[in-house]
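Letter by letter, the chains look like this.
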Amino acid sequence: MYGAQSLVRTLVDSGVEVTFANPGTSEMHLVTAIDSTPGMRSVLGLFEGVVTGMADGYARVAEKPAATLLHLGPGLANGLANLHNARRASSPVVNIVGDHATHHLHLDAPLASDIVGFARPVSGWVHTATHPLTVGADAARAVQAARQWPGQIATLILPADVAWTEGGVVAPPLEVRGPAAFDAACVAAAATAVRSGRKVGILMRGEALKERGLTAAGRVATVGNVRLMCDTFSPRIQKGAGRVAVQRLPYFAEQLVEFMADLDVLVIVGTKPPVTFFAYPGKPSWGTADHTEILHLAHAHQDTVGALEALADELGTASASPDVAEWRVDDTVGDKFDGFAIGRAIARHLPEGAIIADEGGTAGGGSQVALATAAPHDALSLTGGSIGQGLPVATGAAVAANGDRKVVCLHGDGGAMYTVQSLWTQARENLDVTTVIFANRSYAILNIELQRTGAGPAGEKARAMLDLSNPALDWVQIAGGMGVEAVRVDTPQAFEAAFSSAMAQRGPRLIEAVV
Ligand SMILES: Cc1ncc(C[n+]2csc(CCOP(=O)(O)OP(=O)(O)O)c2C)c(N)n1
C-alpha cells in the first residue's frame, strides 16, 4: 500500500465519503488511491473556489466533513475565498493539498510555494505529512481536527513522495467529541434576565437554529419579554411553516443599531455580539446600545441546544407550546417583476424539505420575506461576505442530499460569475439544483454603498466599475454551454411557469430572471 492509499482508506474509515477535487501532477497518486478505494466518491470541480465551496455546502447539510483535493499552493490559493466563507460557517472540511516530493522542494521548481502560509489563516489545523508510515495517522487526526466542535478547516499537506512510497498504514478513526458542556451559572443568569420582564433578545447561531434548538428557544419566548433573533448570515437555519420563527438581524449599520436599541439584555447563543458588516464614516460599528447588558448563554464550542433547553426548563416552560409559523403563501402573481414577485412564486412551489442556498444579493430580500411561512426548509447563507459562494454551496449541498431533497440556489448575477463552473459539476453529477439568477446586470449593492459611504459623486468610470450590462451576460447560453438547461424570463407569469416546472422535474435547471 502506498502512502496515498493509506490516507484515503483512513479517510473512508473515519467517515469521509466524498472528495471534491481538482488535481494536478503532484496528486496523481491520490487520484489512483481514490480510484482504488471503495467508499470514496470523487466530484470534480473546474475551479478550486468551486471545490472548496462545494465542501462547505456538503458539510452544512451532511454535518460531517468532505475532503478537498487541491493542487499545491496555487490550487489552495484559488480555493481560499470559499475556505474563508467555510471558516466563518464553522464547516468541517479536510483539505488534502499536494506538494512537490521532498527531494524536489529545494530546487524551487515553478509551482513551489509557501503552502503552509496559504493554509494557515483559514485552517484551525495544518500539518505536513512526512512519511508513508504515518500519513494514515495524519489523516485520522485531520478528520478529528475538522470535527472539533462546532467544526473547522483541517489542512493536510501531502508531499508527492510520501504519497507514492510504499509502506502506508491505515489508521483507525479517532474519537469525535461533541460540544463542551454548557455552564449552569450562565443558564441561571439568562433565566433571571428573562424573569425580570426586561426586554431580552436571544441571538442564535449553529445548532441552536435547527428544530430542537428553535423549539427550546420558542419555549423560552413564551415567558417574559423575549425576541428571538439570528445573525444576518447564518450557516444554516431551519425555517418555514411549523417552525419557531426568528428575526434576522438587518444588514445595514443604522438599521442594525435601531433594531437592537430597545434591548435591555442580549443573550448570545453560539455566536458573538453583533457588529456592522462595514464601517461607515461617522456611524457606529458596534450593534448594541450602551445600556444593553450582554450575557453569553453558551459559546459556539458548547452545547447551545442543551443550554436553551435548560433555560426553558428553568423557566418552567416544560409544557409550553411555542409559537410556530403557520403555512401561508401569497397567491398574487402581479405585474411587477422584482425580488418580491420571485419570492412569492418560490414560496408557492417550494417542496417540503428543500434546501435554499442564498446569495441573492439585493434581489434576495423578497424571498426572505415570502419563505418565512413557506414549506419547512433549510437556508444556507453567505457567511463570510466573500461572493461566489452560493453556486458551489448549492452543488455540495445537493451531493450531501443525495437526491432526497430539492436544492434551490438564489444568486446575484455578479456573484454567480465568480464560481460559474459549479453548473458544469451540477450537470455532470446530475444534481437536483434549480438556480435562479437575479440578472440585474449590476453590482447593485455597491451602487447603494457608493452613496452610503459618502465616496463622492460617481462619474462615468465609477459607474462602469459597478455595471454588468455591457455586454449583458447571457445566462441561457452560459448554462447551456455547461450542460444545464436554462430559460430567461422577465415577467412574473413566465417565472411562475419556469419555477413550477423546475420543481416538478429533477436535475439541474437555471432560470435567468431579468429584474
Ligand atoms: C470576493 C469578493 N469580491 C468582491 C466583493 C465586493 N462585492 C460585494 S457585493 C458585490 C456585487 C454583487 O453583485 P451581485 O451578486 O450581482 O448582487 P447585487 O448586488 O447586484 O444584488 C461585490 C463585487 C466581495 N464581497 N467579495
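Coordinates for the structure precede this section.
Residues numbered from 1 in each chain as written. Predicted model: local features only at pLDDT ≥ 70, side-chain atom pairs only at ≥ 80, totals over all residues. Heavy atoms only, no water.

A.B. asks: Whenever I open this one, the overall build of the protein chain confuses me. Can you help?
C.D. replies: The helix and strand tally for the protein chain stands at 22 helices and 18 strands. Scaling as 2.2 N^0.38, a compact globule of 515 residues should have a C-alpha radius of gyration of about 24 Å, and the protein chain matches this with 24 Å. Its C-alpha atoms give the protein chain principal-axis dimensions of about 65 × 60 × 50 Å. Among the 515 residues that make up the protein chain, the fraction classed as buried is 55%. Sequence separation of at least 24 residues holds for 81% of the intrachain contacts in the protein chain that already meet a minimum separation of 6. For the protein chain, the computed accessible surface area is about 20,400 Å², with 54% contributed by carbon and sulfur atoms. Charge centroids of the protein chain, computed over 38 positive and 50 negative side chains, lie 2 Å from each other. (Helix = DSSP H or I, 4+ residues; strand = E, 2+ residues; numbered from the N terminus. Rg over C-alpha atoms; globule rule 2.2 N^0.38 Å. Buried < 20%, exposed > 50% of the residue type's maximum accessible area, 1.4 Å probe, protein only. Contact = heavy atoms within 4.5 Å. Areas by Shrake-Rupley, 256 points an atom, 1.4 Å probe, with all protein chains shown as cover. Lys, Arg positive; Asp, Glu negative; His and termini not counted. Charge placed at Lys NZ, Arg CZ, Asp CG, Glu CD.)

A.B. asks: Is there a simple way to explain a nonpolar patch on the surface in this structure?
C.D. replies: There is a patch of nonpolar side chains on the surface, built from Ile-387, Met-417 and Tyr-418 and spanning about 250 Å² of accessible area. If you trace the backbone, Met-417 turns up in the loop between helix H17 (413-416) and helix H18 (422-428). Met-417 sits in the partly exposed class, given a relative accessible area of 34%. (Patch = residues over 30% accessible without salt bridge, like charges linked within 9 Å, V, L, I, M, F, W, Y side chains within 5 Å. Salt bridge = Lys/Arg side-chain N within 4 Å of Asp/Glu carboxyl O.)

A.B. asks: Just checking my understanding: could you explain the pairing of strand E11 (residues 265-269) for this structure?
C.D. replies: Every other side chain in a regular strand lies on the same face of the sheet, so the side chains alternate between the two faces. Most of E11 is tucked away: five of the five residues are buried. Alternating residues of E11 divide into Val-265, Val-267 and Val-269 and Leu-266 and Ile-268, and every residue in both groups is buried. Note that strand E7 (residues 199-204) and E11 share five bridges and pair parallel. The residue bridging Val-200 from the neighbouring strand is Val-265, located in E11. Both E11 and strand E12 (residues 293-298) contribute to a ladder of five bridges, which runs parallel. The residue of E12 that forms the bridge with Leu-266 is Ile-294. (Pairing = 2+ DSSP bridges.)

A.B. asks: Just checking my understanding: could you explain the pattern of salt bridges for this structure?
C.D. replies: Oppositely charged side chains may form a pair once their charged atoms are brought near each other. Scanning the entire structure with this criterion turns up 26 salt bridges. Linking Glu-293 and Arg-198 is a salt bridge whose minimum nitrogen-to-oxygen distance equals 3.0 Å. Remark: Arg-198 occurs in the loop between helix H10 (184-195) and E7 and Glu-293 occurs in strand E12; sequence separation between them is 95 residues. A relative accessible area of 36% places Glu-293 in the partly exposed class. Ionic contacts of the salt-bridge type, sharing partners, join the residues Glu-63, Glu-207, Lys-210, Arg-236, Asp-378 and Arg-405 into one network.

A.B. asks: Looking at this model, I keep getting lost on the site of the ligand. Mind explaining?
C.D. replies: Lining the immediate surroundings of the ligand are 16 residues, of which Thr-362, Asp-413, Gly-414, Gly-415 and Ser-442 lie closest. Side-chain polar atom of Asp-413 to an oxygen atom of the ligand: 2.8 Å apart, as the coordinates give it. With respect to the ligand, the side chain of Tyr-418 contributes an N or O atom lying 3.3 Å from a nitrogen atom. Protein coverage of the free-state accessible area of the ligand, which is 580 Å², stands at 76%. At the level of elements, H17 and helix H19 (444-452) are the ones that each hand at least two residues to the shell around the ligand. (Near = heavy atom within 4 Å. Polar contact = N/O pair within 3.5 Å; in protein donor to acceptor, adjacent residues only side chain to side chain.)

A.B. asks: Explain the packing of aromatic side chains here, please?
C.D. replies: Centre distance and the angle of the planes are the two values used to describe a pair of aromatic rings. Taken as a whole and assessed by the stated rule, the structure comprises eight aromatic pairs. Put simply, the rings of Phe-233, Tyr-251, Phe-252, Phe-277 and Phe-278 touch in pairs and so form one group of aromatic residues. Residue placement shows Arg-227 over the ring face of Phe-259; its charged tip is 4.5 Å from the ring centre. The ring of Phe-233 has Arg-248 sitting right over it, with the charged end atom 5.2 Å from the ring centre. (Phe/Tyr/Trp six-rings, centres within 6.5 Å; stacked < 30°, edge-to-face > 60°. Lys NZ or Arg CZ within 6 Å of the ring centre and 35° of its normal.)

A.B. asks: What's the story with the nonpolar core in this structure? I'm lost.
C.D. replies: Most often, soluble globular proteins have nonpolar side chains that are buried together. In this structure, Val-18, Phe-20, Leu-76, Ile-355, Leu-423, Val-433 and Leu-510 are the most contacted members of the largest nonpolar core, which totals 46 residues. The biggest single contributor to this core is helix H16 (residues 390-401), with seven residues. In this structure Leu-76 touches Leu-70, His-71, Leu-83, Val-97, Ile-115, Phe-118 and Ala-119, once residues within four positions along its chain are discounted. Membership of the second largest hydrophobic core comes to 32 residues, among which are Val-194, Ala-217, Leu-228 and Ala-298. (Core = buried A, V, L, I, M, F, W, Y, C linked by side-chain atoms within 4.5 Å.)

A.B. asks: Sorry, what's going on with the sheet that holds E12 here?
C.D. replies: Taken in spatial order, the five strands make up an open sheet running E10-E8-E7-E11-E12, and their pairing is parallel. Of all strands in the sheet, those with a lone pairing partner are strand E10 (247-248) and E12, marking the two edges. In the packing of H10 onto the sheet, contacts are made with E7, strand E8 (225-230), E11 and E12, and the angle to E12 comes to roughly 130°. (Axes fitted to C-alpha atoms, helices over the stretch in contact; angles between N-to-C directions.)

A.B. asks: Just to check I follow, could you spell out unusual backbone geometry for this structure?
C.D. replies: Trans peptide bonds make up most of the peptide bonds, and negative phi angles are found at most residues other than glycine. A cis amide bond links Trp-149 to the next residue, Pro-150, at an omega of 5°. Mapped onto the elements of the fold, Pro-150 is located in the loop between helix H8 (132-146) and strand E6 (153-159). Of note, the amide linkage connecting Asn-470 to Pro-471 takes the cis form, showing an omega dihedral of 0°. Here Pro-471 lies in the loop between helix H20 (460-464) and helix H21 (475-481). Positive phi, normally seen in glycine, also occurs at Glu-63, with a value near 60°. Here Glu-63 is to be found in the loop between helix H3 (48-62) and strand E3 (66-70). Its relative accessible area of 42% is what places Glu-63 among the partly exposed residues. Of note, the phi angle at Arg-441 is positive, near 55°, even though the residue is not glycine.

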